[in-house]
Structure formats: C-alpha cells, structure tokens
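What follows is each chain in one-letter form.
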Amino acid sequence: MILYLASWVRGPSGSRASEDDIASNKMYASHAAARLRTALEPFHQVVCPHEDGLLGKIDDLWLETRSEHLVHLAVQRCTSLLDACDGLVAITRGYVSAGMQLEIEYAKRFGKFVYETEELTDESLEDLVMALIEYEGNRDGKTANQA
C-alpha cells in the first residue's frame, strides 16, 4: 500500500509564514516520513509531498511572490501525488490547514484509507499499524480477526 503523508507547510502562520517556518515544517514532515518508512516498510511505501522537487520550487516561488495562485498549483500537485496513493496519513500537530483539509476530503471522496493523528508517537504509530491491518483485511473481504 502506498501512503501519502499530509502535514502542513505554512501552518498556522498561513500567508505570513516565513522561510524558516516552511523549512522547519518540511523538516518535521520529512522526519515523520522517515519514521513511517522505518516502521511500515517493506509492506507500505510513504509519499511525502514535502520532499517533492516540484512542490519545493512552488514553495520557493511563493516565498518570493506570496501569490495565492501558487497555492492552487501546490494543491494540484499534491492531489496528483495523492492520486497515486492508496491512503493518507495526516499528522495535524494541533492544526488542520486548508490544504490538509482538502487532501483529507479528497482521499475520503475516493475511498482511500485515511488515518489522522495529532502527533506521530509510538502509540499512534501502533494504532496506525492496527488500522492498516484492519483496513487491508476488510478490503480483502476478511474481518480483522481473520487477518
């Protein structure tokens, strides 16, 4: 299963986000993706849009111009990455950005697996693994007890 990691880029600062804010938020997402990859591979792949080169260029241009048109382009790129995924893991950190909300709704609309957590803790990682086992068992026509 391919999982998309949803985590905010600009965060609560929104259009006031600084270059440091964005870099810090991307680093957080990359570390979370690495932790997910360690815990879930070889059974699952993790797509982290914060590591995507095209999105990086869009973010850099947004920092220069603050053009909301670029936000729309970023959302389009994120949904194209999400299209190639079977599910979404959202790490909210106490805030769901408009972009994250769109990603979550998009995944749900297309019947993808969705797991939301405030932080990626040992407990939430264990809950995620259990949710994946249950989801895959149900998808394969089994109950979680038969998996």
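Please read these numbers as outputs of a predicted model, since none were measured by experiment. Numbering of residues starts from 1 in every chain and runs along the sequence as written. In view of the model being predicted, local features appear only for residues whose pLDDT reaches at least 70, and side-chain atom pairs are presented and counted only at 80 or more, with totals across whole chains, interfaces and linings using the full set of residues. The side-chain figures draw on all heavy atoms in the structure; neither hydrogens nor water molecules are used.

### Structural notes on the pattern of salt bridges
The working definition used for a salt bridge is a side-chain nitrogen of Lys or Arg within 4 Å of a carboxyl oxygen of Asp or Glu. Counting across every chain of the model gives six salt bridges. E51 is paired through a salt bridge with R37; the nearest N and O atoms lie 2.9 Å apart. Taken together, the positions of E51 in the loop between β2 (45–47) and α2 (53–65) and R37 in helix α1 (residues 19–40) put the pair 14 residues apart, joining distant regions of the chain. Burial classes follow relative accessibility: with a 1.4 Å probe on protein chains only, a residue under 20% of its type's maximum area counts as buried, one over 50% as exposed, and anything between as partly exposed. Assessed through its relative accessible area of 40%, E51 is described here as partly exposed. By relative accessible area, which is 22% here, R37 ends up partly exposed. The secondary structure listing takes helices from DSSP runs of H or I that are at least 4 residues long and strands from runs of E that are at least 2 residues long, numbered from the N terminus.

### Focus on α2
The periodicity of an α-helix, 3.6 residues per turn, causes residues three or four places apart in sequence to face the same way. Between the first and last C-alpha of α2 there are 19 Å, a value that for 13 residues agrees with the 18 Å anticipated at 1.5 Å per step. Inspection of α2 places L55, G56, I58, D59, W62 and L63 among the buried residues, and these make up the whole buried set. Looking straight down α2, one finds that the buried residues subtend no more than 160 degrees of arc, so they occupy a single side. Across from the buried face of α2, at angles greater than 90 degrees, the exposed residues are K57 and E64. The elements touched by buried residues of α2 are α1 and α3 (68–83). Immediately downstream of α2, the backbone of R66 shows phi near 60 degrees, a positive value. Expected span of a helix, by definition, is 1.5 Å for each gap between consecutive residues, and there is one gap fewer than residues. Regarding the arc, it is the one traced by the directions from the helix axis to the C-beta atoms. Two residues qualify as a contact provided that any one of their heavy atoms is within 4.5 Å of a heavy atom in the partner residue.

### Structural notes on the packing of α3 against helix α4 (residues 98–109)
Interhelical geometry of α3 versus α4 gives an angle of 35 degrees and a closest axis separation of 11 Å. α4 is crossed by α3, and the crossing has right-handed handedness. Along the contact surface, α3 presents V75, C78, T79, L82 and D83, while α4 presents L102, E103, Y106 and A107. Here the nonpolar group is Ala, Val, Leu, Ile, Met, Phe, Trp, Tyr, Cys and Pro; Asp, Glu, Lys and Arg are the charged ones; every other residue, Gly included, is treated as polar. Grouping the constituent residues of the contact of α3 with α4 by class yields six nonpolar, one polar and two charged. Here the axes come from fitting lines to C-alpha atoms, over the contacting stretch only for helices, and the angles between their N-to-C directions go from 0 to 180 degrees. By definition, any crossing whose near helix is turned counterclockwise from its far helix by less than a right angle is left-handed, and any crossing with a clockwise turn is right-handed.

### Some remarks on the pairing of strand β1 (residues 2–6)
Burial analysis of β1 places four of its five residues in the buried class, which makes it a mostly covered element. Note on pairing: two strands pair once DSSP finds at least 2 bridges between them. Two elements, β1 and strand β3 (residues 87–91), share four bridges in a ladder whose sense is parallel. The residue of β3 that forms the bridge with A6 is A90.

### Some words on the packing of aromatic side chains
In this scheme Phe, Tyr and Trp rings, the latter by its six-membered ring, pair at centre separations within 6.5 Å, and the angle between planes marks the pair as stacked below 30 degrees, edge-to-face above 60, and tilted otherwise. Counting across every chain of the model gives three aromatic pairs. Taking 6.0 Å as the distance between ring centres and 80 degrees as the angle between the ring planes, the aromatic pair formed by W8 and Y95 counts as edge-to-face. Here W8, found in the loop between β1 and α1, pairs with Y95, found in the loop between β3 and α4; they are 87 residues apart in sequence, far enough to count as distant. Residue classification places W8 among the buried positions, given a relative accessible area of 7%. Between Y106 and F110 the ring centres are 4.8 Å apart and the planes differ by 50 degrees, which places this aromatic pair in the tilted class. In this structure, R93 is placed above the aromatic ring of W8, and the distance from its NZ or CZ to the ring centre is 4.1 Å. Only when the NZ atom of a Lys or the CZ atom of an Arg is both within 6 Å of the ring centre and within 35 degrees of the ring normal do we say a charge sits over the ring. The aromatic ring of Y28 is capped on one face by R93, whose charged end is 3.9 Å from the ring centroid.

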